[in-house]
Amino acid sequence: MARKSRKTSSVSVNATVGEKVYKTAIYIRLSREDERKVESESVENQIKFLRDYLSKDCSLILVDEYVDRDVTGTKFDRPEFNRMITDIRKGRINCVIVKDLSRLGRNYLEAGDYIEKIFPFFGVRFIAVTDNYDSLFSNPTVDGLSVPLKNLINEAYAKDISKKVSSSFENKFKQGVFCACTAAYGYKKDPNDPHMVLIDEDVKDVVIRIFTDYVDGKSLAQIAKELNAEGILAPSVYWHTKDVIHTDKYNNMWEGKQIRRILQNPIYTGDVLIGKTVKCYYKGITKPMKRDGYYVKDHHKPIITDEMYHRAQVRMAERRREYYSTRGKYDGVQNEKRDLLQGYLYCGHCGNLMSMYRRTARLVNGVGHYSSYVCRHSPNYGNADPAKNVKAENLEELIFKMIKSHIATYIGARDRLRMLNRRSDVVSKRIELENRLSDCERRMESLNELTRNIYEDFKDGVLSENEYLEMKSSYVAEIEQLDAEMVKLRVTIETFSPEYGGGGMEDAFSKYIGAEKLSRGMVEAFIKKITCYSKEEFEVTYTFTDELMKLIDLTKKRGVEVA
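Thresholds, definitions, all that
- Residues numbered from 1 in each chain as written.
- Predicted model: local features only at pLDDT ≥ 70, side-chain atom pairs only at ≥ 80, totals over all residues.
- Heavy atoms only, no water.
- Helix = DSSP H or I, 4+ residues; strand = E, 2+ residues; numbered from the N terminus.
- Buried < 20%, exposed > 50% of the residue type's maximum accessible area, 1.4 Å probe, protein only.
- Areas by Shrake-Rupley, 256 points an atom, 1.4 Å probe, with all protein chains shown as cover.
- Expected span 1.5 Å × (residues − 1).
- pLDDT = per-residue confidence, 0-100.
- Contact = heavy atoms within 4.5 Å.
- Disulfide = S-S within 2.5 Å.
- Pairing = 2+ DSSP bridges.
- Core = buried A, V, L, I, M, F, W, Y, C linked by side-chain atoms within 4.5 Å.
- Phe/Tyr/Trp six-rings, centres within 6.5 Å; stacked < 30°, edge-to-face > 60°.
- Lys NZ or Arg CZ within 6 Å of the ring centre and 35° of its normal.

Asks: Explain the overall build of the protein chain to me, and be specific about the residues and the numbers.
Replies: Within the protein chain one finds 18 helices and 17 strands. By residue count, 42% of the 563 residues in the protein chain fall in the buried class. Carbon together with sulfur atoms contributes 51% to the accessible area of the protein chain, which is approximately 31500 Å² in total.

Structural data, given as structure tokens:
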């Protein structure tokens with residue numbers, strides 16, 4: 001118990017005394033626009049400001065700092081913000097402090113959701129210092145209007161900045177100013193003029209060759225295959241060697257889509273088409289604009305002639321017409337089979353997504369539909385990527401059987417564990433753990449009370465600063481240890497329930513226990529990735545592999561414990 005003597009009137013501390021000790025997170029966000037605006041918004045100054053605030057309130061214990069640099073406030077999918085939310089879910093954090101509401105975000109609806117719904121749901125106290133908002137002491141009649149109003153103002157600011165930047169670029173487009181960050185393959189940016197390009201002599205001949213080969217009758221895949229066979233660097237890899245781009249995630253492979261992109265770009269005739277795409281800075285989305293853009297003639301030196309470019313466009317249009325006429329030549333009857341594995345099936349050689357190829361053919365007794373999964377990159381890569389053509393019905397049936405087997409394994413482990421949990425000796429163990437949890441909760445309440453008492457003694461001069469800090473450090477250490485033990489106990493107690501079903505995976509498995517055929521929902525629930533190496537060789541990665549193995553191991557362990 002804290003001592004009640006040696007009062008002095010010389011100790012004076014400004015602090016906000018909460019009802020308990022809060023495990024606090026400092027969250028800082030800084031966009032490029034904020035960084036340019038004023039120095040006070042810098043990350044370092046925000047950290048110092050918030051640390052100073054915490055030092056004046058002993059009920060706030062700093063656990064971690066989360067800093068998102070160069071991130072817009074209109075989106076909440078931010079690396080450090082997501083890490084903070086994960087820590088909140090784990091119970092590591094129960095208080096979040098920011099400099100002002102705009103640091104949390106400039107999206108009115110999402111910011112409101114976090115302040116009014118998500119943080120309260122997890123029992124998280126939220127403090128915006130300069131906006132004088134603290135959810136622990138908030139007044140619904142006052143803050144219920146002022147906080148949403150400030151969030152609206154923050155969102156309006158983001159919209160205004162977006163409009164100004166977009167307007168600036170639009171004016172440049174109208175003046176014919178070339179604003180691309182990088183030059184097209186075959187060109188390089190002029191070091192003396194950021195709005196001009198120069199011919200890249202190192203790869204100029206590759207561009208000429210692509211146009212010549214295509215006009216002479218070669219297909220896109222054939223051109224790509226020959227370039228790969230000769231070891232000519234693909235555009236992204238070439239730019240990486242020239243330090244134009246700084247990521248090495250690209251592989252050294254030409255593909256048909258890259259050849260098509262080059263053939264369709266008028267930049268090789270000396271002209272440029274600018275302003276054909278637009279950046280919505282407010283939402284952070286780039287999308288094609290529904291307009292022709294601004295066409296600038298004779299902007300720079302050409303690599304090919306207008307005649308060569310025109311011949312390439314004519315042949316490409318002919319190939320396109322031929323393709324679509326074949327697809328719909330049987331009275332408009334189309335193969336509309338749904339691609340159940342879209343986004344999940346990958347080629348085991350090139351690593352690219354495989355897609356469904358649908359065919360419609362005239363048969364003696366009518367029209368026949370055929371569907372298969374193929375790797376459309378195989379023709380480009382040659383022997384490095386053997387062709388794959390897997391009948392859709394066969395692969396989908398195989399995946400369905402594998403998922404059903406996965407579900408059966410889960411049911412067996414779950415039912416066995418539930419049976420074991422009903423035994424009297426297991427029930428006694430659960431009661432023992434529940435009693436231990438109750439003891440921890442009572443001790444936690446006692447420690448919170450002691451922490452408040454010693455702070456009052458420190459304010460009244462009963463305790464010196466050193467004595468107060470030493471006692472507080474001891475209590476905080478025990479609180480953290482107890483908190484970790486309580487989290488572990490709650491998880492363990494849950495596994496002793498007679499109705500335990502494996503936690504988060506229970507809903508997914510239970511939903512599809514009686515399924516009779518494969519559905520898109522089943523694929524999304526159970527499959528993480530399918531890798532195809534040939535028509536007969538596949539590798540399936542399940543969503544709940546780790547969780548299911550833990551359930552199986554727990555069942556085995558429980559069986560040994562009660563044997």
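Asks: Hey, could you go over helix α7 (residues 204–215) for me, with residue numbers and the actual values?
Replies: A rise of 1.5 Å per residue sets the reference length of α7, with its 12 residues, at 16 Å; its end C-alpha atoms lie 17 Å apart and thus fit the reference within 8%. Every buried residue belonging to α7 is among V206, V207, I210, F211, D213, Y214 and V215, and all of these are buried. One or two residues past the end of α7 sits G217, with phi positive at roughly 115 degrees.

Asks: Let's hear about the confidence of the model for the protein chain: which residues, and what values?
Replies: Detailed reading of predicted coordinates is not advised where the pLDDT is low. On average, residues of the protein chain carry a pLDDT of 80, and 77% of them reach 70 or more. Across residues 1–18, where pLDDT falls below 50, the model places 37 contacts with residues more than four positions away in sequence or in other chains. Within the model, the stretch residues 34–40 combines pLDDT values under 50 with 11 contacts to residues more than four positions away or in other chains.

Asks: Requested: an account of the state of the cysteines, with residues and values cited.
Replies: Under the defined criterion, the tally for this structure stands at 0 disulfides. Of all cysteine sulfurs, the one in C350 lies closest to C375, which takes part in no disulfide; the gap is 3.6 Å.

Asks: I'd like to hear about the sheet that holds strand β1 (residues 22–30), residue by residue, with values.
Replies: The strands making up a sheet associate through hydrogen bonds between their backbones, and the pairing can be parallel or antiparallel. Sheet architecture is open: 5 strands sit in the order β2-β1-β3-β4-β5, paired in mixed fashion. Each having just a single partner strand, β2 (60–69) and β5 (133–134) make up the two edges of the open sheet. Taken together, the 3 bridges between β1 and strand β3 (residues 95–98) define a ladder with parallel strand orientation. Directly across from T24, in β3, lies its bridge partner C95.

Asks: Pulling in residues and values, what's your account of unusual backbone geometry?
Replies: With phi around 55 degrees, N132 is a residue other than glycine that occupies positive phi space. Within the fold, N132 resides in the loop between β4 (125–128) and β5. Positive phi is not limited to glycine here, since D298 has a value of about 50 degrees.

Asks: Which residues make up the nonpolar core, and what values go with them?
Replies: Ranked by internal contacts, the top residues of the largest apolar core, which has 41 residues, are L518 and I527. Every element with two or more residues in this core is listed here: β12 (345–347), α13 (392–421), α16 (506–511), α17 (520–526), β16 (527–532), β17 (538–542) and α18 (545–561). Among all residues touching I527, those that are not within four sequence positions of it are Y344, I399, I403, M522, V540, T541, Y542 and T543. Of all hydrophobic cores here, the second largest spans 35 residues; its members include Y185, A224, A234 and V296.

Asks: Hey, could you go over the packing of aromatic side chains for me, with residue numbers and the actual values?
Replies: Here a ring pair, both rings aromatic, is described through the centre-centre distance and the interplanar angle of the planes. A full pass over the atoms with the stated rule returns 18 aromatic pairs. Relative to F81, the ring of Y27 has its centre 5.5 Å away and its plane inclined at 75 degrees; by these criteria the two rings are edge-to-face. Taken together, the residues span a long stretch of sequence, with Y27 in strand β1 and F81 in helix α3 (residues 79–89) at a distance of 54 residues. Across this residue pair, the class does not change: Y27 and F81 are buried. When the centroid spacing of 6.5 Å and the interplanar angle of 45 degrees are considered together, the rings of F211 and Y309 count as tilted. Here F211, found in helix α7, pairs with Y309, found in helix α11 (residues 306–327); they are 98 residues apart in sequence, far enough to count as distant. For the pair formed by F211 and Y309, the shared burial category is buried. Each member of the aromatic cluster is reached from another via a ring pair, and the members are Y27, F81, Y114, F119, F126 and Y133. The lysine or arginine in question, R558, covers the ring of F496, its NZ or CZ lying 3.9 Å from the ring centre.

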